[in-house]
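Listed here are the chains, written in short residue letters.
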Amino acid sequence: MTKRIKATRYHDFCCGHRVCGHENKCANLHGHNYRFHFTVEGEQDDLGRVTDFSVIKSTLCQWVEDEWDHRFLLWKDDPLAPSLSAIDSSVVLVPFNPTAENMAEYMVEIIAPKVLKNTNVTLTELIIDETRKCSVTYSL
Ligand SMILES: [Zn+2]
């Protein structure tokens, strides 16, 4: 059996969103203190590390910090998108309805391959804590 060793680092940030079409109050404009648990895998280096934890910080955590922290995520097809993005340039239009599940898939499938391109690791799992009680997991 091949061994699998994973390295995980979490990152906390604040972000607004609304879930377009939600049948309850998640359709309202609101936000969360998100915690993303990034898990990467790769060959161990000469020191025995999957990666240095600072690599996760400088790539994945930094991307979230630059792109989503203290911003408001709206689906580009949300009927509110044109008006809200017109009055606030910090609104981020994303190509998906911003549920935690869709955010996780986007990070793992689209963003991580780009920001980890020059590293020797792959983001294989992302757990998103939307609240302290509720989380989603996306795994390759
Ligand atoms: Zn929410």
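Residues numbered from 1 in each chain as written. Predicted model: local features only at pLDDT ≥ 70, side-chain atom pairs only at ≥ 80, totals over all residues. Heavy atoms only, no water.

Engineer: What is the right way to read the layout of surface pockets from this model?
Structural biologist: In this approach, a probe sized like a water molecule rolls over the atoms, and the result shows the empty space that is left. Computed from the structure, the largest pocket encloses a volume of approximately 240 Å³. For the lining of the largest pocket, the element with the most residues is strand β2 (residues 30–42), which contributes 4 residues. Looking at the lining of the largest pocket residue by residue, the classes come out as 1 nonpolar, 3 polar and 5 charged. (1 Å grid on protein atoms, 1.4 Å probe; cavity = no way out; pocket = protein on both sides within 12 Å on 5 of 7 lines; lining within 4 Å. Points joined across faces, edges and corners; volume = space filled by probe spheres on them. Helix = DSSP H or I, 4+ residues; strand = E, 2+ residues; numbered from the N terminus. Nonpolar A, V, L, I, M, F, W, Y, C, P; charged D, E, K, R; others polar.)

Engineer: So what exactly am I meant to see when it comes to the pattern of salt bridges here?
Structural biologist: It is possible for side chains of opposite charge to pair when their charged atoms get near one another. Within this structure, the stated rule accounts for 6 salt bridges. Between R18 and D78 there is a salt bridge whose closest N-O contact spans 2.8 Å. One end of the pair, R18, is in the loop between β1 (6–17) and β2; the other, D78, is in the loop between β3 (71–75) and α2 (81–87), with 60 residues separating them in the sequence. Accessibility assignment for this pair places R18 and D78 in one class, buried. R49 is the salt-bridge partner of D52, the closest N and O atoms lying 3.0 Å from each other. Judged by its relative accessible area of 32%, D52 is partly exposed. A residue is classified by how much of its surface remains accessible, and R49, at 32% relative accessible area, is partly exposed. (Salt bridge = Lys/Arg side-chain N within 4 Å of Asp/Glu carboxyl O. Buried < 20%, exposed > 50% of the residue type's maximum accessible area, 1.4 Å probe, protein only.)

Engineer: Explain the packing of aromatic side chains here, please?
Structural biologist: Centre distance and the angle of the planes are the two values used to describe a pair of aromatic rings. In total, this model carries 8 aromatic pairs according to the counting rule given. For the pair F13 and F36, a centre-to-centre distance of 4.9 Å together with 85° between the ring planes defines the contact as edge-to-face. Taken together, the positions of F13 in strand β1 and F36 in strand β2 put the pair 23 residues apart, joining distant regions of the chain. The exposure class of F13 is buried, given its relative accessible area of 3%. The exposure class of F36 is buried, given its relative accessible area of 0%. Between W68 and Y106, the aromatic rings sit 6.2 Å apart at their centres with planes inclined by 15°, giving stacked as the arrangement. With W68 in the loop between α1 (53–67) and β3 and Y106 in helix α3 (residues 100–115), the pair connects residues that are 38 residues apart, well separated along the chain. Of the two residues, W68 and Y106, both sit in the buried class. In this structure, R35 packs its charged tip against the face of Y10, placed 3.8 Å from the ring centre. (Phe/Tyr/Trp six-rings, centres within 6.5 Å; stacked < 30°, edge-to-face > 60°. Lys NZ or Arg CZ within 6 Å of the ring centre and 35° of its normal.)

In short, geometric facts, not functional conclusions.
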